[in-house]
Amino acid sequence: MLKAERKRFILNEVRIHNRVLLTDIAETLNVSVDTIRRDITELHKEKMLKKVHGGAISLGFDTIHIGRTDIYALELKTRIAQKGISLLKMGQVILLSGGTTNMEFARLIPVELQITCFTPSLPVANQLMTKPNVDLIFIGGKMAKSSQIAIGGDAINMLSDIRVDMCFLGTNSIDVQHGLTEFDWEIVQLKKAMVKASKKIVCPVISEKLNSVQRYKVCDIDRVDILLTELNPKDSRLNPFRDKNIDVL
C-alpha cells in the first residue's frame, strides 16, 4: 500500500472512531508500527489529526480546542441529536456520556425543558451550563485530558449511587454479536458503570460505526434499548439491530 493510501486509511479510521492505536493500524495494514508512527507524525504536522501517545485522535475529539467546524460529519451527528431530543420529557433524569454527538445533543436541548442531567464530560457539561432549566450534576474524578471525561474510582462510585431514566451512551463501535466496544480500558469501566446506573440505554452513533469492533467490551447488544443513527429507520442496514428487539430511530 502506498503512503498516500495508508494516510487516507488512517484519517478515515480516526474520523469515524475518534482515536486509533498504532498497533491496530499496523496490524490491519500489515506494516510496521514505525511506518504508521511516521505517517501519523506527518498527518499531525499537516494538522489533519492530533498525535498522542500510542496513536492519534481526531481534531474533533481534541475537545480542549474544538470548534463545531472541526467535528467530523457534523450534519449527520446533528440529525442524530435531534432524534434524541424527541425522546426527552419534562422532569426526566438523564445521563450523558462524552463525544461530539452528545455535545450536539446537549446544545440542542430546548431552553424551556426542565430535566436533570448527569455527565462525566466537561465539554457536555459546558453546553448544559447554557440551559437555564437543566439541573446539571457533574460526575467528577480523574480527568482524561484528551477527551476531558472524568474516569476512575471516584466517577464510578458516584454512578453507583444513581438510577437515571435514560442514558445517552456514545460508543466507539457497535456490533450485533460483540455489542458495544471501546479501545480504552478506563473508559470501558466508566461506561459499564453508566449502563448499571440506567433504566434505559439509548445509543447514538453514525452509521459508519455499525458492525465494527474494538478491544474491550462495554455491554452486550441486548442491553441497548434504542439505537439512533442518521439513517432512515427502515434502512436495511439496521435490520440486524431491529431483530434484537432494539427500537431504531
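Residues numbered from 1 in each chain as written. Predicted model: local features only at pLDDT ≥ 70, side-chain atom pairs only at ≥ 80, totals over all residues. Heavy atoms only, no water.

Engineer: Just checking my understanding: could you explain helix α5 (residues 100-108) for this structure?
Structural biologist: Since the α-helix turns once every 3.6 residues, residues separated by three or four places project in the same direction. With 7 of 9 residues buried, α5 is to be regarded as a mostly interior element. Those residues of α5 not exposed but buried are Thr 100, Thr 101, Asn 102, Met 103, Glu 104, Phe 105 and Ala 106. Where α5 is buried, its residues touch α4 (74-85), β4 (93-96), α6 (122-128), β9 (166-168) and β12 (201-204). (Buried < 20%, exposed > 50% of the residue type's maximum accessible area, 1.4 Å probe, protein only. Helix = DSSP H or I, 4+ residues; strand = E, 2+ residues; numbered from the N terminus. Contact = heavy atoms within 4.5 Å.)

Engineer: I would appreciate a short explanation of the nonpolar core in the present structure.
Structural biologist: Nonpolar side chains in soluble globular proteins generally cluster together in the buried interior. Leu 159, Ile 174, Leu 180 and Leu 227 are the most contacted members of the largest nonpolar core, which has 37 residues in total. Among the elements that line this core, the one with the most residues is helix α8 (residues 185-196), at 6 residues. Residues contacting Ile 174, with those up to four places away along its chain left out, are Gly 179, Leu 180, Cys 203, Val 205, Lys 209, Leu 210, Asn 211, Ser 212, Ile 221, Leu 227 and Phe 241. Membership of the second largest hydrophobic core comes to 23 residues, among which are Leu 113, Ile 115, Cys 117 and Met 166. (Core = buried A, V, L, I, M, F, W, Y, C linked by side-chain atoms within 4.5 Å.)

Engineer: Explain the sheet that holds strand β11 (residues 179-182) to me, please; I cannot follow it from the model alone.
Structural biologist: Paired through backbone hydrogen bonds, the strands of a sheet run either parallel or antiparallel to each other. If you walk across this open sheet you meet the 3 strands as β10-β11-β13, and the pairing is antiparallel. Single-partner strands in this sheet number two, and they are β10 (173-175) and β13 (216-219). Ignoring strand direction, the axes of neighbouring strands in this sheet form an average angle of 35°. Where β11 meets β13, 3 bridges bridge the pair, whose relative direction is antiparallel. Across the sheet, Leu 180 pairs through a bridge with Cys 219, a residue of β13. The strands touched by α8 within the sheet are β11 and β13, with β13 carrying the most contacts at an inclination of about 10°. (Pairing = 2+ DSSP bridges. Axes fitted to C-alpha atoms, helices over the stretch in contact; angles between N-to-C directions.)

Engineer: Help me understand the pattern of salt bridges, please; the structure alone is not making it clear to me.
Structural biologist: In a structure, side chains of opposite charge can pair up when their charged atoms sit close to one another. Per the counting criterion, the structure on display carries 14 salt bridges. Salt-bridge contacts for Lys 7 lead to Glu 46; the nearest nitrogen and oxygen are separated by 3.0 Å. Here the residue Lys 7 occupies a position in helix α1 (residues 3-17), and Glu 46 occupies one in the loop between α3 (33-45) and β2 (50-52), the gap between them amounting to 39 residues. By relative accessible area, Glu 46 is classed as partly exposed at 43%. A salt bridge links Asp 220 to Lys 217, with the shortest nitrogen-to-oxygen separation between them at 2.2 Å. (Salt bridge = Lys/Arg side-chain N within 4 Å of Asp/Glu carboxyl O.)

Engineer: Even after reading the chapter, I still don't get the side chain of Ser 58, so can you show me in this structure?
Structural biologist: Inspection of the secondary structure assignment puts Ser 58 in the loop between β3 (55-57) and α4. Overall, Ser 58 belongs to the buried group, its relative accessible area being 7%. Look past the residues within four positions of Ser 58 in its chain and what remains in contact with it is Val 14 and Asn 18.

Engineer: Please explain the packing of aromatic side chains as it appears in this structure.
Structural biologist: For any pair of aromatic rings, the description rests on two quantities: the centre-to-centre distance and the angle between the ring planes. Enumeration over the complete set of coordinates arrives at 2 aromatic pairs. Geometrically, the ring pair formed by Trp 185 and Tyr 216 is edge-to-face, given 5.2 Å between the ring centres and 75° between the ring planes. Pair noted here: Trp 185 is in helix α8 and Tyr 216 is in strand β13, with a separation of 31 residues, a long-range link. Given the relative accessible area of 28%, Tyr 216 is considered partly exposed. (Phe/Tyr/Trp six-rings, centres within 6.5 Å; stacked < 30°, edge-to-face > 60°.)

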